[in-house]
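# A look at the structure
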Amino acid sequence: MTETEKLPRFFLGANTPRGFVSRFDQVPDYENDRACYLLKGGPGSGKSTFMKAFAAELVRRGARPELIYCSSDLRSLDGVLAPELGVSMLDATPPHVMEPQYPGACETLIPLGNCWDESALKASRAEIIGEFRACHALQMRAISYLAAAGDLLNEVLTIANPCISQEKVLACAARICAAEFARKKRPGPGKEEQRFLSAVTAEGVWFWSSTVRLLCRKIYVIEDDCGAVSKLFMAAVRRLALDAGLNIISCRCTLFPDSKYEHILIPELGLAFLTSNKRHQPEITPYRVIHARRFTNKERLAAHKFRIRFTLRAATELIREASACMKEARDEHDRLEQYYIPAMDFEKVGRMLKKVLASLPE
């Protein structure tokens, strides 16, 4: 295993029922960062390779950066974050477009488009436009499937909510947090970073279990297919951790990106709280598993079991179709790269990379 393979991995953007949701704009810390590099370029222009070399250099300097992967293509990097050095590098192209807010002073643009032969690309203009449109249409179809799946899962939540004891869920979260946070409390609120730890991808529902194993030794897993218990529990853990002055990584559910926290990581304590269900199950050896059924009125929920079972099965099938569309979109993107790669001057890209690495703050 190489040193970069030992680094934590996250997503900063993902397809959701309301379209592509990006957290890229939360990365720059304008008061404290020393360098934020924004890459601009087309498919196959070398952005991911550029960032891999950047990450390797940071590791060589003793840093342990986070690797941000593309949820549409797990082969590609979308970002490298090294907050301990105050440096980051992001793919600033669609669907997570970023423009510098304080150009030169805070952000540095890296225009890889300056390294391509525009005349060669114009010669394939019709084909390139067609491939881009086909890729976009497939992504939009995937989002429509996710929107339908989200509606179904929200229906299950609506059914399950009256069947759980909110008091018992909150009391359980409070007991665990009181025990885990007792000696670590600090005055003032903690700091929160937002990531996606799991997402619907071209490879299916993907969960960065390796990241949890790298950052956390003690792991609580909430087993909850309906989602009502885990939604309430995770929101409580997040609030209690921040109130205790702890720094956390909060990870939203990509099917409920505005309303549901799915995982909470507290690296400074080596502590994680994860949600597990039939759609995604982390490859983790937990310290403790908390089953949603212990907070549930089983007889009341049983009255809806056939409806819940059917709805969950339908939602799972829709998620599977969304993933298939994303795989087709990735294949279209691969075909786009075949127009750009021959048009690129990669020696010039290499010179740009050397200049960036030489400019990194010590």
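Our subject is the structure that appears above.
As a starting point, this report considers the structure included with it. This is a predicted model, so every value here is computed, not measured.

### What about the side chain of T311?
Summarising the element assignment, T311 is placed in helix 8 (residues 305–340). With relative accessibility at 4%, the residue T311 sits in the buried group. For T311, the residues in contact, after removing those within four places along its chain, are L152, E155 and V156.

### What to know about helix 6 (residues 228–243)
For helix 6, spanning 16 residues, the distance from its first C-alpha to its last is 23 Å, which sits close to the expected 22 Å at 1.5 Å a residue. Of the residues making up helix 6, those classed as buried are A228, V229, S230, F233, M234, A236, V237, A241 and L242.

### Thoughts on the sheet that holds strand 7 (residues 87–91)
Across the sheet, which stays open at both edges, the six strands sit in the order 1-5-6-7-4-8 with mixed pairing between neighbours. Edge positions in the sheet fall to strand 1 (9–10) and strand 8 (107–111), since each has one partner strand and no second. Note that strand 5 (residues 66–70) and strand 6 (residues 73–82) share five bridges and pair antiparallel. Following the sheet pairing, L67 is matched in strand 6 by V80.

### Some thoughts on the sheet that holds strand 14 (residues 256–266)
For sheets, the rule is that strands pair by backbone hydrogen bonds, running either parallel or antiparallel. Here we have six strands laid out as an open sheet, ordered 9-13-14-15-12-16, and mixed in their pairing. For this open sheet the edge positions go to strand 9 (192–195) and strand 16 (288–291), each flanked by a neighbour on one side alone. Adjacent strand axes in the sheet meet at a mean angle of 30°, parallel and antiparallel pairs treated alike. Two elements, strand 13 (residues 248–253) and strand 14, share five bridges in a ladder whose sense is antiparallel. Each bridged residue has a counterpart across the sheet, and for R252 the counterpart in strand 14 is Y261.

Rules and cut-offs
Residues numbered from 1 in each chain as written. Predicted model: local features only at pLDDT ≥ 70, side-chain atom pairs only at ≥ 80, totals over all residues. Heavy atoms only, no water. Helix = DSSP H or I, 4+ residues; strand = E, 2+ residues; numbered from the N terminus. Buried < 20%, exposed > 50% of the residue type's maximum accessible area, 1.4 Å probe, protein only. Contact = heavy atoms within 4.5 Å. Expected span 1.5 Å × (residues − 1). Pairing = 2+ DSSP bridges. Axes fitted to C-alpha atoms, helices over the stretch in contact; angles between N-to-C directions.

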